[in-house]
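# Commentary on secondary and tertiary structure
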Amino acid sequence: MVSVPHAGTLIPASIHERLNPEVHDLPDTDWYVDRLFDFAPDSGASMIKTCWSRYVIDLNRPSDNAPLYANQSGSSLVPLETFTGEKIYREGEVPDSREVDERIELYWRPYHARLSALVDNALERHGFAILLDGHSIRSELPDLFDGELPNLNIGSASGSSAAASLVELVCSHLQHPGMTLVRDKRFKGGFITRQYGQPGENVHAVQLEIAQRTYMQEFPPVWDENMASGLVGMLKGLVSGLHQWRPENQQ
């Protein structure tokens, strides 16, 4: 399964009219990640993505808004600031707790209900499930990390969300000359990776965070076909490799 929770760009009019004009271009979007994985359904992988912007609700955060990264800044369930610190809402328009609860029911729960159903279906059919959670982010965001982000960032919740052999397979398929790759550094995996990745229950989850310079022009955000084609080829090889992988108890 491929999950893409942050590439959506739609915002209901009742929310959009309350946003500061400076954020109308949705700078924190995981631009075109769904396009990078367009091939996935034809390759036999299930795919789930949302049309809604992360400014409506962040699907990769727990519904109780518990922090994911100790002593590190990060967005909340309903973000109030951009990654660079700009206020998302106009003065006096910040959603209250009741509205947050409504957004959880309208947007968060349906996505996770569908994702849970896909995991359950994979377990029933195959005895195990693999979830690849796809993300991207601007290459330089001083409020979140130092310097320039590596091209490809693999997160396995420090090895707890997937079998070691599967994480090694992911890394091996994404190692490429000219590409920088790290594992379980700044991006260890968000809520989706940690919640669904339960190797003891035969569910293995890995997050892939891609620096946007790897496949697009960042300012303004524009898809670059020449750059993206190489990455898509790598991702196709990765998904093919994941199809062939088996946990130790099924080898």
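Our subject in this report is the structure included herewith. (Residues numbered from 1 in each chain as written. Predicted model: local features only at pLDDT ≥ 70, side-chain atom pairs only at ≥ 80, totals over all residues. Heavy atoms only, no water.)

### Points about the overall build of the protein chain
- Each helix and strand counted, the protein chain has six helices and eight strands in total.
- Going residue by residue from the N terminus, the α and β elements of the protein chain occur as β-α-α-β-α-β-β-α-β-α-β-β-β-α.
- A compact globule built from 251 residues would reach a C-alpha radius of gyration of about 18 Å, and the protein chain, at 18 Å, matches this within 12%.
- Sequence separation of at least 24 residues holds for 77% of the intrachain contacts in the protein chain that already meet a minimum separation of 6. (Helix = DSSP H or I, 4+ residues; strand = E, 2+ residues; numbered from the N terminus. Rg over C-alpha atoms; globule rule 2.2 N^0.38 Å. Contact = heavy atoms within 4.5 Å.)

### Details of a negative patch on the surface
- A cluster of acidic residues, Glu 22, Glu 81, Glu 86 and Asp 143, forms a negative patch on the protein surface.
- Examined against the element boundaries, Asp 143 turns out to sit in the loop between β3 (129–137) and β4 (152–155). (Patch = residues over 30% accessible without salt bridge, like charges linked within 9 Å, V, L, I, M, F, W, Y side chains within 5 Å. Areas by Shrake-Rupley, 256 points an atom, 1.4 Å probe, with all protein chains shown as cover. Salt bridge = Lys/Arg side-chain N within 4 Å of Asp/Glu carboxyl O. Lys, Arg positive; Asp, Glu negative; His and termini not counted. Charge placed at Lys NZ, Arg CZ, Asp CG, Glu CD.)

### Quick notes on the nonpolar core
- In terms of nonpolar packing, the biggest core is built from 70 residues, with Leu 36, Phe 37, Leu 174, Leu 208, Tyr 215 and Leu 235 touching the most fellow members.
- Take this core: its biggest share by element is nine residues, from helix α3 (residues 97–126).
- With residues up to four places along the chain from it excluded, the contact list for Leu 208 reads Phe 37, Leu 132, Asp 133, Gly 134, His 135, Leu 152, Asn 153, Ile 154, Leu 174 and Leu 235.
- Counting eight residues, the second largest nonpolar core, distinct from the first, contains Ile 137, Leu 144, Leu 149 and Ala 211. (Core = buried A, V, L, I, M, F, W, Y, C linked by side-chain atoms within 4.5 Å. Buried < 20%, exposed > 50% of the residue type's maximum accessible area, 1.4 Å probe, protein only.)

### Overview of the packing of helix α4 (residues 164–174) against helix α6 (residues 225–244)
- In contact at an axis separation of 9 Å, α4 and α6 are set at 155° when each is read in the N-to-C sense. With respect to each other, α4 and α6 are oriented roughly antiparallel. Crossing hand, α4 versus α6: right-handed. Facing Leu 166, Leu 169, Val 170, His 173 and Leu 174 of α4, the residues of α6 in contact are Met 234, Leu 235, Gly 237, Leu 238, Gly 241 and Leu 242.
- Its residues placed into classes, the contact of α4 with α6 shows eight nonpolar, three polar and no charged. (Axes fitted to C-alpha atoms, helices over the stretch in contact; angles between N-to-C directions. Parallel < 35°, antiparallel > 145°, perpendicular 65-115°, else oblique. Left-handed = near helix turned anticlockwise from the far one by under 90°. Nonpolar A, V, L, I, M, F, W, Y, C, P; charged D, E, K, R; others polar.)

### A few points about the environment of Arg 186
- Inspection of the secondary structure puts Arg 186 in the loop between β5 (181–183) and α5 (191–196).
- In this structure Arg 186 comes out as buried when scored by relative accessible area, which is 15%.
- Along the primary structure Arg 186 and Glu 209 are separated by 23 residues, whereas in three dimensions their C-alpha atoms are 9.9 Å apart.
- Reaching out from Arg 186, the side chain makes a polar contact with the backbone oxygen of Leu 144 at a distance of 2.8 Å. (Polar contact = N/O pair within 3.5 Å; in protein donor to acceptor, adjacent residues only side chain to side chain.)

### Digging into the packing of aromatic side chains
- Taken as a whole and judged by the stated rule, the model has eight aromatic pairs.
- Where Phe 128 meets Trp 245, the ring centres are 5.9 Å apart and the plane angle is 75°; that geometry is what we call edge-to-face. Remark: Trp 245 occurs in the segment after α6 and Phe 128 occurs in the loop between α3 and β3; sequence separation between them is 117 residues. Taken individually, Phe 128 and Trp 245 each receive the classification buried, so the pair is uniform in this respect.
- Each residue in the set Trp 31, Tyr 32, Tyr 215 and Trp 223 is aromatic and connected to the rest through ring pairs, giving one cluster. (Phe/Tyr/Trp six-rings, centres within 6.5 Å; stacked < 30°, edge-to-face > 60°.)

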